[in-house]
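# Coordinates in review
For reference, the chains in residue letters:
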Amino acid sequence: MSSETGWDPKLYDRFPTPEDRPEGELEQLEETWCGPRSGWEWLTAINNNFIGVYYVGAAMLFFILAGVLAVLMRTQLALPMTGFLAQETYNQIFTMHGTVMLLLFATPVVWGFGNYILPLQIGAPDVAFPRLNAFGFWVTLLGGTVMLLGFVTPGGAADFGWTMYMPLADGVHTPGIGADMWIVGVGATGVGTIASAVNMITTILTLRAPGMTMFRMPVFCWGIFTASAIVLMIFPLLTAAALGVLYDRKLGGHIYDSANGGAILWQHLFWFFGHPEVYVLALPFFGVVSE
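Residues numbered from 1 in each chain as written. Predicted model: local features only at pLDDT ≥ 70, side-chain atom pairs only at ≥ 80, totals over all residues. Heavy atoms only, no water.

## A closer look at the overall build of the protein chain
Counting secondary structure elements, the protein chain contains 9 helices and 0 strands. Reading the protein chain from its N end, one meets helices and strands in the order α-α-α-α-α-α-α-α-α. Oriented by its inertia axes, the alpha-carbon framework of the protein chain measures out at about 75 × 40 × 40 Å. A burial count over the protein chain gives 43% of its 291 residues as buried. Pairs at least 24 residues apart make up 77% of the contacts formed inside the protein chain by residues separated by at least 6 positions. In the form shown here, the protein chain has an accessible surface area of approximately 15300 Å², with 69% of it arising from carbon and sulfur atoms. Charged side chains of the protein chain number 10 positive and 20 negative; the gap between the two group centres comes to 4 Å. (Helix = DSSP H or I, 4+ residues; strand = E, 2+ residues; numbered from the N terminus. Buried < 20%, exposed > 50% of the residue type's maximum accessible area, 1.4 Å probe, protein only. Contact = heavy atoms within 4.5 Å. Areas by Shrake-Rupley, 256 points an atom, 1.4 Å probe, with all protein chains shown as cover. Lys, Arg positive; Asp, Glu negative; His and termini not counted. Charge placed at Lys NZ, Arg CZ, Asp CG, Glu CD.)

So, in structure tokens, the structure goes:
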């Protein structure tokens with residue numbers, strides 16, 4: 001049987017029985033692996049199970065918010081010419097709805113399922129970089145919060161659409177600080193997404209259990225692996241391109257100056273991210289359906 005399955009029964013000898021464990025070891029393991037017991041421990045938790053729950057919980061909160069924004073938009077469209085929403089307010093809600101759905105719900109929920117399910121399926125005790133994992137979640141949450149706080153700024157939130165097309169997103173057409181906060185938030189969520197992708201790939205390559213080859217992995221793990229590889233190709237570009245917009249707005253750069261063809265440059269850079277992002281969102285859930 002061991003030759004057919006690749007599992008050697010002698011490996012069981014590596015694990016001590018409860019009677020063989022040193023005194024106090026069980027208590028030490030319980031102290032290490034128990035769940036958070038105070039507010040500070042909830043904030044500093046690094047176990048993949050808790051981070052996975054955090055990701056899914058935060059994503060669902062953002063999803064509810066996006067639903068509220070959608071209801072406001074549909075109400076305005078159902079009751080035109082009534083002044084339910086001002087034009088500027090509608091544009092802000094339109095922009096934030098798309099942003100929240102794409103960057104604050106659909107992408108983080110992928111990492112939530114990946115954190116919780118992937119280590120279980122490949123026999124890993126945790127992800128490869130637990131602290132980087134926690135950093136990725138908290139910086140993503142921070143980026144989303146910064147974006148949404150644009151609503152309370154004097155000029156309101158970003159109102160140029162989630163695609164950030166130039167010249168609509170430059171300092172002339174959208175001068176408010178809410179737009180700057182939106183761009184900073186995009187950069188922060190990009191950093192968090194890249195950190196999570198690095199973690200998933202490294203976990204799959206280095207922490208698989210004995211006998212769990214790449215081609216024995218469940219389809220869901222392959223979905224996470226391929227989505228993470230795509231993230232490493234496209235999110236650094238999105239983050240750098242967004243910071244270029246901020247440079248144009250605040251430091252007088254002319255990277256995306258329409259007179260120099262910069263508006264077309266932005267569209268090429270953005271859609272190098274935008275189209276592959278579809279597969280970042282779809283592939284892991286193709287794996288879920290296949291499982």
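Next, the rest of the story.
## A few points about empty space enclosed by the protein
In this structure the tally under the stated criterion is 2 cavities of 30 Å³ or more. As a volume, the largest cavity reaches approximately 70 Å³. Thr99, Leu102, Leu103, Trp162, Met164, Trp182, Val186, Leu238, Phe270 and Phe273 are the residues that line the largest cavity. Examining the composition of the lining of the largest cavity, we find that 3 residues originate from one element, helix α5 (residues 87-122), more than from any other. In this model, the second largest cavity occupies a volume close to 50 Å³. If you go around the second largest cavity, the residues you meet are Tyr55, Ala58, Phe62, Leu104, Pro108, Phe137, Thr140 and Leu141. (1 Å grid on protein atoms, 1.4 Å probe; cavity = no way out; pocket = protein on both sides within 12 Å on 5 of 7 lines; lining within 4 Å. Points joined across faces, edges and corners; volume = space filled by probe spheres on them.)

## Thoughts on the packing of helix α6 (residues 130-149) against helix α7 (residues 177-206)
Angle between the axes and distance between the axes: these two values describe a pair of packed helices. Their axes nearest at 7 Å, the elements α6 and α7 cross at an angle of 160°. Judged by the angle between their axes, α6 and α7 are roughly antiparallel. In terms of crossing hand, the pair formed by α6 and α7 is left-handed. In contact with Leu132, Asn133, Phe135, Gly136, Val139, Thr140, Gly143, Gly144, Val146, Met147 and Leu149 of α6, α7 contributes Met181, Trp182, Gly185, Val186, Ala188, Thr189, Val191, Gly192, Thr193, Ala195, Val198 and Asn199. Here the residues of the contact of α6 with α7 are counted per class, giving 13 nonpolar, 10 polar and no charged. (Axes fitted to C-alpha atoms, helices over the stretch in contact; angles between N-to-C directions. Parallel < 35°, antiparallel > 145°, perpendicular 65-115°, else oblique. Left-handed = near helix turned anticlockwise from the far one by under 90°. Nonpolar A, V, L, I, M, F, W, Y, C, P; charged D, E, K, R; others polar.)

## Focus: the nonpolar core
Counting 64 residues, the largest nonpolar core has Met164, Trp182, Val245, Trp266 and Phe273 as its most contacted members. Of all the elements, helix α8 (residues 219-251) adds the most residues to this core, at 14 residues. With near-sequence residues (within four places) excluded, tryptophan 266 lies in contact with Thr163, Met164, Tyr165, Met166, Ala241, Ala242, Val245 and Tyr256. (Core = buried A, V, L, I, M, F, W, Y, C linked by side-chain atoms within 4.5 Å.)

## Let's talk about the confidence of the model for the protein chain
This prediction gives the protein chain a mean pLDDT of 89; 92% of its residues lie at or above 70. Across the protein chain, element-level confidence peaks in helix α4 (residues 48-78) with a mean pLDDT of 96 and bottoms out in helix α1 (residues 2-5) with 51. (pLDDT = per-residue confidence, 0-100.)

## Concerning the environment of isoleucine 46
Relative to the elements of secondary structure, isoleucine 46 occurs in the loop between α3 (39-44) and α4. Take isoleucine 46: its relative accessible area is 28%, and that puts it in the partly exposed class. For the pair formed by isoleucine 46 and arginine 131, sequence separation is 85 residues and the distance between their alpha carbons is 5.8 Å. The contact partners of isoleucine 46, leaving out residues within four places of it in the chain, are Ile51, Asp126, Pro130, Arg131 and Ala134.

## A few points about α7
Over its 30 residues, α7 extends 44 Å from the first C-alpha to the last, a length consistent with the 44 Å expected when each residue adds 1.5 Å. By the criterion of burial, α7 is predominantly enclosed, with 22 of the 30 residues buried. (Expected span 1.5 Å × (residues − 1).)

## As for the environment of phenylalanine 220
Along the polypeptide, phenylalanine 220 turns up in helix α8. Measuring from C-alpha to C-alpha, the distance between phenylalanine 220 and glycine 287 comes to 4.0 Å, with 67 residues separating the pair along the chain. Once residues lying within four places of it in the same chain are set aside, the contact partners of phenylalanine 220 are Phe113, Gly114, Ile117, Leu118, Gln121, Pro284, Gly287, Val288 and Glu291.

## Some thoughts on the packing of α5 against helix α9 (residues 262-290)
Packing of α5 against α9 leaves a shortest axis separation of 10 Å and a crossing angle of 40°. As far as their axial angle goes, α9 and α5 are oblique. Where α5 crosses over α9, the handedness of that crossing is left-handed. Seen from α5, the contacting residues are Leu102, Leu103, Ala106, Thr107, Val109, Val110 and Phe113; seen from α9, they are Phe273, Glu277, Val280, Leu281, Pro284 and Phe285.

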